[in-house]
Amino acid sequence: MILIVHIILGAAIATILPNQPILALVLAFLSHYILDVFPHVEYSTENFKPDRKKIKELLTIIHIFLDFTFGLLLIILLTNDHLLIYACGLVAALPDTLTALKYLFPKNKFLKAHYKFHQAIHLFDDQNGIKKPNFFNQLKISNFWRVLTQIIVIVVSVFIFKPTLVQAIFPFFSLGTL
Ligand SMILES: [Zn+2]
């Protein structure tokens, strides 16, 4: 998934577990891999291959940077400024950082193994380095559903740390609290 989704969910996990920082950090880190299993839109890692135009690579880097900044901005604006919230947000984004580092250090064994695992977890993706087709990546899932999964995670996460905001935008969220 794109970074903003991971950062926001990491922050939500910290909000639920403010007194268990270690557990919150571990869950935030694991949440990255769990989210990546679901169908989603993703940055094109293909754009980093040497034969691709540099402008495509640059645009992808700008996109990643904007997502990261916007994710941080959202948690600065919407959460109660707690160190654990930022730490969990960053830890939740860490697997994608390790994946990006693999492009910088292609020979590093740990980064290579992590890259393989991270790509394999993208069950519904066939363009991210998974050569063998499986049942899931043969299902054609439209971008509508791939975007919707990410919107759901963002809305649920924001609901966790700022319920009033979500209730103002989606009134049906407040039904359960009446
Ligand atoms: Zn990822």
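Data block above holds the structure.
## A closer look at the packing of helix α4 (residues 83–104) against helix α5 (residues 109–120)
- Their axes nearest at 9 Å, the elements α4 and α5 cross at an angle of 120°. Taken together, the axes of α4 and α5 lie oblique to each other. Like other packed secondary-structure pairs, α4 and α5 cross with a definite hand, here left-handed. Side by side, α4 and α5 meet where Pro-95, Leu-98, Thr-99, Leu-101 and Lys-102 of the first sit next to Leu-111, Lys-112, His-114, Tyr-115 and His-118 of the second.
- Each residue belonging to the contact of α4 with α5 can be placed in one class, and the counts come to 5 nonpolar, 3 polar and 2 charged.

## Quick word on the environment of Leu-30
- Tracing the backbone through its elements, the reader meets Leu-30 in helix α2 (residues 21–37).
- Separated by 62 residues in sequence, Leu-30 and Ala-92 have C-alpha atoms that sit 7.4 Å apart.

## A word on the packing of helix α3 (residues 54–78) against α4
- One can describe the packing of α3 onto α4 by two numbers: an axis separation of 10 Å at closest approach and a directional angle of 155°. As summarised for this structure, α3 and α4 are arranged roughly antiparallel, according to the angle between their axes. Judged by the sense of rotation from one axis to the other, the crossing of α3 with α4 is right-handed. For the pair α3 and α4, the contacting residues are Phe-68, Gly-71, Leu-72 and Ile-75 in the first and Ile-85, Tyr-86, Gly-89 and Ala-93 in the second.
- Partitioning the contact of α3 with α4 into residue classes produces 6 nonpolar, 2 polar and no charged.

Criteria and thresholds
- Residues numbered from 1 in each chain as written.
- Predicted model: local features only at pLDDT ≥ 70, side-chain atom pairs only at ≥ 80, totals over all residues.
- Axes fitted to C-alpha atoms, helices over the stretch in contact; angles between N-to-C directions.
- Helix = DSSP H or I, 4+ residues; strand = E, 2+ residues; numbered from the N terminus.
- Parallel < 35°, antiparallel > 145°, perpendicular 65-115°, else oblique.
- Left-handed = near helix turned anticlockwise from the far one by under 90°.
- Contact = placed C-beta atoms within 7 Å.
- Nonpolar A, V, L, I, M, F, W, Y, C, P; charged D, E, K, R; others polar.

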